[in-house]
Amino acid sequence: MAPRPPVLCVAFVGTDGSPLFFRSFVRDEPPPGATAAGAAVTTPLCESNDLELSLLLFASLDQVEMQLRASAQAAQRGDTKNSDPYLGILTPALFNVEDCNIYGYVSATNVKILAVVREDAVKQRRD
């Protein structure tokens, strides 16, 4: 069995909220005996997982917009604090009965880069 990837998916979202790029790294294995018995798998692997991941990412866009709005209001007030393009953990999420975190970054052209990372991978890295 292959090791599980720490990053579940990455997405690039445009300034208008439209998806520019989505890549899932989740690999489900076909049911045992499906290929041995000669039966073809009719549904693509990870289809439901990809849908769930994309829904998690689009739900976190609200947090991104709130943080961008707060930094714009701070700039209007004249706060000298520089806005950091790295947004950090946007929201914890539950995917496939695993705890995950969604991280965000906003580019200079306001393209949002979102990544879903397994929480246990982050904990292992700290140790």
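To be clear, the structure that these remarks concern was listed above.
This write-up is about the structure you can find in this document. Note that this is a predicted model, so its numbers are computed, not measured. Residue indices begin from 1 for each chain and proceed along its sequence in written order. For this predicted model, a pLDDT threshold of at least 70 governs which residues receive local features, and a threshold of 80 or more governs which side-chain atom pairs are given and counted, while totals over whole chains, interfaces and linings are taken from all residues. By convention in this description, side-chain values take in all heavy atoms of the structure and omit both hydrogens and water.

Looking only at helices and strands, one finds two helices and five strands in the protein chain. Secondary structure elements are taken from DSSP: a helix is a run of H or I of four residues or more, a strand is a run of E of two residues or more, and numbering for both begins at the N terminus. Going from the N terminus to the C terminus, the protein chain shows its helices and strands as β-β-α-β-β-β-α. Summarising the internal contacts of the protein chain: among those between residues at least 6 apart in sequence, 48% fall at separations of at least 24. In this description, accessible areas are obtained by the Shrake-Rupley approach with a 1.4 Å probe, and a residue is regarded as covered only by the protein chains that are shown. Here the protein chain has roughly 8,600 Å² of accessible surface; of this, 56% comes from carbon and sulfur atoms. Should any heavy atoms of two residues lie within 4.5 Å, those residues are counted as being in contact.

Right, let's talk about the nonpolar core for a bit. Counting residues in each nonpolar core, the largest one holds 19 residues, and the members touching the most others are Leu-8, Leu-53, Leu-57, Phe-95, Ile-102, Leu-114 and Val-116. Listing elements by their share of this core, those giving two or more residues are strand E1 (7-13), helix H1 (47-77), strand E3 (86-95), strand E4 (98-106) and strand E5 (112-118). The leading source of residues in this core is H1, at five residues. For Phe-95, the residues in contact, after removing those within four places along its chain, are Leu-8, Val-26, Asn-49, Glu-52, Leu-53, Leu-56 and Cys-100. The criterion is simple. A nonpolar core is a set of buried Ala, Val, Leu, Ile, Met, Phe, Trp, Tyr and Cys residues joined through side-chain atoms within 4.5 Å. Residue burial is assigned from relative accessible area. The probe radius is 1.4 Å, only protein chains are included, and a residue is buried under 20% of its type maximum, exposed over 50%, and partly exposed in between.

Next up on the list: unusual backbone geometry. Backbone phi values are negative for most residues with the exception of glycine, while trans is the configuration of most peptide bonds. One non-glycine residue, Asn-110, lies in the positive phi region at around 65°. Relative to the helices and strands, Asn-110 is located in the loop between E4 and E5. Asn-110 sits in the partly exposed class, given a relative accessible area of 39%.

A pair of strands counts as paired when DSSP detects no fewer than two bridges linking them. Taking strand neighbours across the sheet as the criterion, the five strands line up as E2-E1-E5-E4-E3 in an open arrangement whose pairing is antiparallel. Lying at the two open borders of the sheet, with one neighbouring strand each, are strand E2 (19-24) and E3. On average, each strand axis in the sheet is inclined to that of its neighbour by 15°, with strand direction left out of account. Where E3 lies against E4, eight bridges are found, and the strand directions are antiparallel. Opposite Gly-88, over in E4, you have Gly-104 as the bridge partner. Fitting a line to C-alpha atoms yields each axis, with helices limited to the stretch in contact; the angle taken between N-to-C directions then spans 0 to 180 degrees.

This part covers the packing of aromatic side chains. We call Phe, Tyr and Trp rings a pair once their centres come within 6.5 Å, taking the six-membered ring for Trp, and we label the pair stacked below 30 degrees between planes, edge-to-face above 60, and tilted otherwise. Evaluated as defined, the whole model comprises one aromatic pair. On the numbers, 5.8 Å between centres and 75° between planes, the contact of Phe-12 with Phe-21 is edge-to-face.

Here, a salt bridge means any side-chain nitrogen of Lys or Arg that lies within 4 Å of a carboxyl oxygen of Asp or Glu. If you walk through the whole model with that rule in mind, you get one salt bridge. We note a salt bridge from Glu-65 to Lys-112, for which the minimum N-O separation is 3.5 Å. Taken together, the positions of Glu-65 in helix H1 and Lys-112 in strand E5 put the pair 47 residues apart, joining distant regions of the chain. Taking relative accessible area as the criterion, Glu-65 reaches 33% and is therefore assigned partly exposed. Relative accessible area serves as the criterion here: at 4%, Lys-112 is assigned to the buried category.

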